[in-house]
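# Secondary and tertiary structure notes
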Amino acid sequence: MVQEVASPEVSEKSQFTGKDMLLGKKGVVFGVANDHSIAWACAKLAAEQGASLAFNYQGEVLERRVRPLAESVKAKIIEPCDLSDDKAIEEFFAKVKKEFGTIDFVIHAVAFANKEDLEGHYVDTKRTGFQKALDVSAFTMTAVAREAAKLMPNGGSLITMTYYGADKVLPNYNVMGVAKAALESSVRYLAADLGEKNIRVNAISAGPVRTLAAMGIAGFRDMLKFVASRAPLKRNVTAEEVGKTALYLLSDLSSGVTGETIFVDCGYNIMAM
Ligand code: IMJ
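Counting starts from 1 at the beginning of each chain's written sequence and moves along it residue by residue. Selection of residues for local features in this predicted model requires a pLDDT of at least 70, selection of side-chain atom pairs for listing and counting requires 80 or more, and totals for whole chains, interfaces and linings are taken over all residues. With hydrogens and water excluded, all non-hydrogen atoms of the structure serve as input to the side-chain values.

## Quick word on the site of the ligand
Neighbouring the ligand are 14 residues; A113, Y163, Y173, A213 and I217 lie closest to it. Residue Y173 places a side-chain N or O atom 2.7 Å away from an oxygen atom belonging to the ligand. Gly counts as polar in this scheme, as do all residues outside two lists: the nonpolar Ala, Val, Leu, Ile, Met, Phe, Trp, Tyr, Cys and Pro, and the charged Asp, Glu, Lys and Arg. Of the residues that constitute the shell around the ligand, the class distribution is 12 nonpolar, one polar and one charged. Whether a residue is near a molecule or strand depends on its heavy atoms: if one lies within 4 Å, it is near. Polar contacts, as used here, are pairs of N or O atoms within 3.5 Å; protein pairs need one atom able to donate a hydrogen and one able to accept it. Residues neighboring in sequence count only if both atoms are side-chain atoms.

## A look at unusual backbone geometry
Phi angles above zero are rare outside glycine, and N172 is one such case at about 75°. For N172, the position within the fold is in the loop between β5 (156-162) and α5 (174-194). A positive phi is found at N174, a non-glycine position, where the angle reads about 45°. The way it works is that DSSP assigns letters per residue, a run of H or I at least four long becomes a helix, a run of E at least two long becomes a strand, and they are numbered from the N terminus. Among the structural elements, N174 can be located in helix α5.

## Here's the deal with the nonpolar core
Counting residues in hydrophobic clusters, the biggest one holds 89 residues, and the most contacted among them are F30, L53, F55, F93, V96, I103 and L158. Residue contributions to this core peak at 10 residues, all from helix α4 (residues 127-149). Pairs of residues are marked as contacts when any of their non-hydrogen atoms sit within 4.5 Å. In contact with F93, other than residues within four places in its own chain, are V28, F30, I103, V144, E147, A148 and L151. Side-chain atoms within 4.5 Å are what join buried Ala, Val, Leu, Ile, Met, Phe, Trp, Tyr and Cys residues into a set we call a nonpolar core. Exposure classes here rest on a 1.4 Å probe applied to the protein chains alone. A residue is buried below 20% of its type maximum, exposed above 50%, and partly exposed in between.

## Re the pairing of strand β2 (residues 52-57)
Along any regular strand, the residues point their side chains to alternate faces of the sheet. Burial within β2 is extensive, with five of its six residues counted as buried. For two strands to count as paired, DSSP must find a minimum of two bridges between them. Where strand β1 (residues 26-30) meets β2, four bridges bridge the pair, whose relative direction is parallel. Within β2, the position partnered with G27 by the bridge is L53. Regarding the hand of the β-α-β motif, the stretch spanning β1, helix α1 (residues 38-48) and β2 is right-handed. Relative to strand β3 (residues 77-80), β2 runs parallel, the two sharing four bridges. When the sheet's bridge partners are listed, N56 is paired in β3 with E79. Crossover handedness is defined by viewing with both strands directed away from the observer: a clockwise path from the first strand over the helix to the second marks the crossover as right-handed. Following the backbone out of β2, through helix α2 (residues 60-72) and into the adjacent parallel β3, one traces a crossover that is right-handed.

## Overview of α1
With nine of its 11 residues buried, α1 lies for the most part within the structure. The set of residues buried in α1 consists of I38, A39, W40, A41, C42, A43, L45, A46 and A47. In the stretch just after α1, G50 is the one whose phi turns positive, near 100°.

## Regarding the packing of α1 against helix α7 (residues 239-250)
Between α1 and α7, whose axes approach to 8 Å, the crossing angle comes to 55°. In terms of their interaxial angle, α1 and α7 are classed as oblique. By crossing handedness, the relation of α1 to α7 is classed as right-handed. Listed contacts from α7 to I38, A41, C42, L45 and A46 of α1 are A239, E240, V242, G243, K244, A246 and L247. Axes, fitted as lines to C-alpha atoms, cover a helix only where it is in contact. Angles between the N-to-C directions of the axes lie from 0 to 180 degrees. Angle categories: roughly parallel below 35 degrees, roughly antiparallel above 145, roughly perpendicular from 65 to 115, and oblique for all the rest. It is the rotation of the near helix from the far one that decides the hand of a crossing: anticlockwise by less than a right angle makes it left-handed, clockwise makes it right-handed.

## Some points on the environment of L247
Following the sequence through the fold, L247 ends up in helix α7. Beyond its immediate stretch of four places on either side in the chain, L247 contacts F16, M21, L22, L45, A46 and Q49.

## Considering the sheet that holds strand β4 (residues 105-108)
Strand order in this open sheet of seven strands is β3-β2-β1-β4-β5-β6-β7, and the pairing throughout is parallel. Looking at the sheet topology across the chains shown, the edges are occupied by β3 and β7 (261-264). Between one strand axis and the next, the sheet turns through 20° on average, direction left out of account. Together, β1, β2, β4, β5 and β6 (199-206) form the strand contacts of α1, whose direction differs from that of β2 by roughly 160°. On top of the sheet, α2 reaches β2 and β3; it is set at about 175° to β2, its chief contact.

## Here's the deal with the pattern of salt bridges
Oppositely charged side chains are able to pair whenever their charged atoms sit close together. Salt bridge, as used here: a side-chain nitrogen of Lys or Arg that lies within 4 Å of a carboxyl oxygen of Asp or Glu. Going through the model one piece at a time under the given rule, you end up with six salt bridges. Taking the shortest distance from any N to any O, the salt bridge between K19 and D20 comes out at 3.3 Å. When the shortest N-O distance is used, the salt bridge between E241 and R235 registers 2.6 Å.

## Considerations on the state of the cysteines
Here, two cysteine sulfur atoms that lie within 2.5 Å of each other are counted as a disulfide. Applying the stated criterion to the full structure yields zero disulfides. C42 supplies the cysteine sulfur nearest to C266, a cysteine that is in no disulfide, at a spacing of 15 Å.

Without other data, these values stay purely geometric and don't point to any function.
Here it is, written out as structure tokens:
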């Protein structure tokens, strides 16, 4: 029997009733673009649970979006950081060190591929497009982990966002699928390296969410419908639900979990037919 399940209400404050799960913790959020961003849903929940936050932005256009959001959760740091620039990462973490001293977590929700590489066939991907996608979408997690670990003498939790296209082929995801596969593998190697410092590293594989990163992708609306019709929960996942798993991974609740990719996709990935 197919059950009708209502989507959770979209409200300003989350329905989640946990309390002070990140009280006294300090974290860095990379990848907020606007209020639809998965990074923002994670950050908002973290702030609600008592965390102090630092945000990056890249360029003036995004600054105008990110600054008011970050200010609304009383962010301690709102600074530019182009993650494809090693020196910019160093300078950003120097500011984080100055303000926070030590940190407890990082939310990495950053990806980019050239638009022309997200249509047509993967086989046509050029070396430059491949390098760009892998650099921004995979390597930046490693670069950030290295800098963040230096500020985590008491251990910590790093999370990143991935997608099912790392495992299975779907139309147009192309080089991003290859980049996400590298990202998920990086998560395992980083978890192995940083485990002895009690730093955990995990990825969330979110189902499709209507964000800036999904806008303008041909057939995205139809993809949402297709996924909702086949997922066990018979709906699409919300950014807030991704945020709740982020909260679990950033908090002590997940103290025994590292190197994992956790699907938050209403169960879509388990289905064959
Ligand atoms: C992206 C492309 C094709 C299919 C897609 C997506 N599906 C989903 C996404 C089915 C859910 C969104 N996604 C998971 C991404 O990782 C998107 C990454 C992305 C998006 C853009 C759009 C604008 C641009 N470059 C991009 N680079 C990466 O110029």
